[in-house]
Amino acid sequence: MKESALVIQTKLQSLGFDNQVVELPDSARTAQEAADAIGCTVAQIAKSIIFRMKNTNTPLLVVASGINRINEKHIAKVIEDKLSKADAEFVREHTGFVIGGVAPIGHVSEIPTLIDEDLFQYDTIWAAAGHPKAVFQLTADELLQLTGGKIVAVK
């Protein structure tokens, strides 16, 4: 298992979860690639998007259904801060992961997290596990427990 995926597997176990990280033969860098590799719908992919909050210059994680485009203006109102795109260096610095492999947990620092309400309509969802070819299956309720996030409408 890739070292970054092992970080997520270890984190899951340390938190008392028995979810298993799976390494895929092909890239799961995008929600569509992940869904194709797993055999689920794009909507069941929990994509982790890091933004930079402008006032504090700190990260915000939004975990959204793979079919949803994040409405940044709406999210900015929710967090009462402006958002900007996070570049690859910022993402890696704050999460420890490369873009396309950012997991919703296991970051190098605490990151406030918002969770797309639409994920709760699915029995199972899939999230990146620290590497573009690694994923793990979970429920939206488990995602909420793992991240301590806040449920919001993202679109």
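Above this text sits the structure in question.
Below is a short write-up of the structure. What you see is a predicted model; the values in this text were computed from it and never measured. (Residues numbered from 1 in each chain as written. Predicted model: local features only at pLDDT ≥ 70, side-chain atom pairs only at ≥ 80, totals over all residues. Heavy atoms only, no water.)

### Concerning the side chain of Ser 48
For Ser 48, the position within the fold is in strand S2 (residues 45–53). Overall, Ser 48 belongs to the buried group, its relative accessible area being 14%. Of note is the side chain of Ser 48, whose polar atom sits 3.5 Å from the backbone oxygen of Val 102. Among residues more than four places away in sequence, those in contact with Ser 48 are Leu 61, Val 62, Val 63, Val 102, Ala 103 and Pro 104. (Helix = DSSP H or I, 4+ residues; strand = E, 2+ residues; numbered from the N terminus. Buried < 20%, exposed > 50% of the residue type's maximum accessible area, 1.4 Å probe, protein only. Polar contact = N/O pair within 3.5 Å; in protein donor to acceptor, adjacent residues only side chain to side chain. Contact = heavy atoms within 4.5 Å.)

### Notes on helix H2 (residues 31–38)
Within the span of H2, buried status applies to Ala 31, Ala 34 and Ala 35. Looking straight down H2, one finds that the buried residues subtend no more than 95° of arc, so they occupy a single side. Its buried side turned inward, H2 meets S2. Where H2 ends, the next residue or the one after it, Gly 39, has phi of about 90°, a positive value. (Arc of directions from axis to C-beta.)

### Concerning the pairing of S2
Sheet topology places S2 next to strand S6 (residues 125–128); two bridges connect them, and they run parallel. The residue bridging Ala 46 from the neighbouring strand is Ala 127, located in S6. One ladder, built from eight bridges, connects S2 with strand S3 (residues 58–65); its direction is antiparallel. Its bridge partner being in S3, Ala 46 is matched across the sheet by Ser 65. Both S2 and strand S4 (residues 83–85) contribute to a ladder of three bridges, which runs antiparallel. Counterpart to Met 53 in the pairing with S4 is Leu 83. (Pairing = 2+ DSSP bridges.)

### Thoughts on the environment of Gln 145
Positionally, Gln 145 belongs in helix H5 (residues 140–147). Between the C-alpha atom of Gln 145 and that of Ala 35, which follows or precedes it by 110 residues, the distance is 23 Å.

### Here's the deal with unusual backbone geometry
Phi is positive for Asn 57, close to 55°, though the residue is something other than glycine. Structurally, Asn 57 can be placed in the loop between S2 and S3. Owing to a relative accessible area of 42%, Asn 57 belongs among the partly exposed residues under this scheme. Positive phi, close to 55°, is recorded for Glu 80, a residue that is not glycine. Note that Glu 80 resides in the loop between helix H3 (72–79) and S4.

### Focus: the pattern of salt bridges
If you walk through the whole model with that rule in mind, you get two salt bridges. Glu 72 is paired through a salt bridge with Lys 85; the nearest N and O atoms lie 2.7 Å apart. Of this pair, Glu 72 sits in helix H3 while Lys 85 sits in strand S4, and the two are 13 residues apart along the sequence. Classification of Glu 72 by relative accessible area gives partly exposed; the value is 26%. (Salt bridge = Lys/Arg side-chain N within 4 Å of Asp/Glu carboxyl O.)

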